[in-house]
Amino acid sequence: MQWDAYFCRMRRKNKRQVFENVEVVDAGAKGKTIGKAPDGRVIFLTNTVPGDVVDVQTTKKRKAYFEGIATAFHSYSDKRVEPHCEHFGVCGGCKWQDMGYEHQLFYKQQEIENNLKRIGHLELPETTPILGSEKQYFYRNKMEFSFSDSRWMTLDEIKSDEEITDRDALGFHIPGMWDKILDIKKCHLQQDPSNAIRLDTRDFAIKNGLTFFNPRHQHGELRSLMIRTASTGELMVMIQFHDDNKVNRELILNHLKETFPEITSLLYVINQKQNDTIYDQEIICFAGRNHIFEEMEGLKFKINAKSFYQTNSAQAYELYKLTREFADLKGNELVYDLYTGTGTIAQFVSKKAKKVVGIESVPEAIEDAKANAERNKIDNVDFFVGDMRNVFNENFIQTHGTPDVIITDPPRVGMHKDVVQQILNIAPEKVVYVSCNSATQARDLELMKHAYQVIKVQPVDMFPQTHHVENIVLLKKL
Ligand SMILES: C[S@@+](CC[C@H](N)C(=O)[O-])C[C@H]1O[C@@H](n2cnc3c(N)ncnc32)[C@H](O)[C@@H]1O
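All of these numbers come straight from a predicted model, not from anything done at the bench.

A. Up close: the overall build of the protein. Summing up its helical and strand segments, the protein has 12 helices and 22 strands in all. Relative to the globule expectation of 23 Å for 478 residues, the C-alpha radius of gyration of the protein, 24 Å, shows essentially globular dimensions. Among the 478 residues that make up the protein, the fraction classed as buried is 55%. Here the analysis covers contacts within the protein between residues at least 6 apart in sequence; of these, 64% occur between residues at least 24 apart. Total accessible area computed for the protein in this model is approximately 22,000 Å², and 49% of it derives from carbon and sulfur atoms.

Laid out in structure tokens, this is it:
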């Protein structure tokens, strides 16, 4: 672990302080754990588990709190477990791997209740216990790895006199360092052949002289690798290139096609922009189809490289079932599904509604939503594309009808206040608010609390080993 290098950097920025025998008492926002300084100020820690007793070196000082790192452990918490992953502590993902799963669930539930009470100032009914994930590893259906020609090196490598020639990496960003990539040997988040494909791609590229991306100077051929698996057994692989060399591009894609015949969708994109988002880029199909299928309750969902689909398919099913249960439709309702993605929730609840209207900003997702509905022989859904703030307006309501129930599932930033206001203007009997960020959910719900009562709160864990958690809230008009 590179704490020495980390401290050097921090020392330059801040006057550090050392606190001895600090008991770690809690865990919460952004996955940080919490201790108390002798003056009563909170210390946010990154490498401890509640119950540890540690010496802390501060890395940041603010008026109300410190940030710090445990440098010595006097005793270890009984909530600790052995992390599965050899990259734990350096990699930015799965930061709660050293805490037993039942404790992860406890702190997730607590975080949601705290946010709803402290940020939203809401009166809560008794919250239903969080629904844990059956699979606690290898649960993700989508992973994105970055290539880099400036691999994150271990302290031993830095200290060694030997010249390091192998600087290429394919893996994840080091937290807080946009240009440093940790080379990943085994990731415990996505089922095989995810690891095999990543390792093979890296080795083949190195052996054949393909260049890895340099984010500082913006050059190099290989930029990112996306792998999507599905419950149907289908498999999508997409390589993002920066510099385009047709011979090398075809060499590596043909190699993947031959080595992994189970790939049903082999794609690439040539992206020479500064950032690596693909939403404004043309995705090219090299072999197979340009999409894969997910399946849920007999419904088929077509997923292309740009589509949003919940990353834990098994828990997504639980989430959707609970959302449908909360909506408690009788068959005569007009339902709006805001932020519909590929129309999954809309189609999932459609059998129980008179009609469902879905709105989403990504045009490709809406194309898929329409194709999905047709394939699933669902004719009581309609989908519209555009920024929610613009599309979901008075005119739209007049044209498509006033909803009896609104289901909303916004991205992490939550809903724009104009969207919240529009829901208030429409004043449907019921709102089901699904969220992956209970802080923004609480902020939005506070704006609605004069008109709506929180009836049910159901946290669902979609992301074991991380602090992230999904939450469903049922609101009823007062
Ligand atoms: C958390 S996802 C929910 C998707 C869907 N409900 C599901 O479960 O698969 C949020 C969706 O909101 C879309 N989105 C983000 N910002 C938006 C905006 N301003 N207007 C409309 N849709 C937006 C994203 O593209 C994404 O599909």
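B. Layout of the site of the ligand. For the ligand, the set of nearby residues contains 17 residues, the closest of which are Tyr320, Thr344, Glu360, Met388 and Asp409. Between the ligand and Tyr320, the relevant distance is 2.7 Å, taken from an oxygen atom to a side-chain nitrogen or oxygen of the residue. Contacts to the ligand include Met388, whose backbone N or O atom sits 2.9 Å from a nitrogen atom. For the ligand, whose unbound accessible area comes to 590 Å², protein coverage reaches 86%.

C. Focus on the domain arrangement of the protein. The domain boundaries assigned to the protein delineate domain 1 (2–80), domain 2 (105–135 + 312–477) and domain 3 (142–296). Between the C-alpha centres of domain 1 and domain 2 the distance comes to 37 Å. In this assembly, nine residues from domain 1 lie in contact with four residues from domain 2. Taking both partners together, domain 1 and domain 2 bury about 470 Å²; carbon and sulfur atoms supply 52% of that area. Contact with domain 2 buries area across many residues of domain 1, yet Asp26, Ala27 and Lys30 alone supply 48% of it, more than any other trio. Our enumeration of links across domain 1 and domain 2 arrives at zero salt bridges. Joining domain 1 to domain 2, the criterion identifies one residue pair in polar contact (both at pLDDT 80 or more).

D. View of the pairing of strand 3 (residues 33–36). Inspection of the sheet shows strand 2 (residues 26–27) paired to strand 3 by two bridges, in the antiparallel sense. Note that in strand 3 the partner of Ala27 across the bridge is Thr33. Here strand 2 hands over to strand 3 after five residues, with Lys30 in that stretch at a positive phi of 55°. By the bridge criterion, four bridges tie strand 3 to strand 4 (residues 42–45) in an arrangement that is antiparallel. Bridge pairing in strand 4 links Ile34 to Phe44. Linkage of strand 3 to strand 4, two consecutive antiparallel strands, is achieved through a turn of five residues, within which Gly40 is found at a positive phi near 95°.

Reading the values: rules and limits
Residues numbered from 1 in each chain as written. Predicted model: local features only at pLDDT ≥ 70, side-chain atom pairs only at ≥ 80, totals over all residues. Heavy atoms only, no water. Helix = DSSP H or I, 4+ residues; strand = E, 2+ residues; numbered from the N terminus. Rg over C-alpha atoms; globule rule 2.2 N^0.38 Å. Buried < 20%, exposed > 50% of the residue type's maximum accessible area, 1.4 Å probe, protein only. Contact = heavy atoms within 4.5 Å. Areas by Shrake-Rupley, 256 points an atom, 1.4 Å probe, with all protein chains shown as cover. Near = heavy atom within 4 Å. Polar contact = N/O pair within 3.5 Å; in protein donor to acceptor, adjacent residues only side chain to side chain. Domains from an automatic or database assignment. Buried area = accessible area lost by both parts, 1.4 Å probe. Salt bridge = Lys/Arg side-chain N within 4 Å of Asp/Glu carboxyl O. Pairing = 2+ DSSP bridges.

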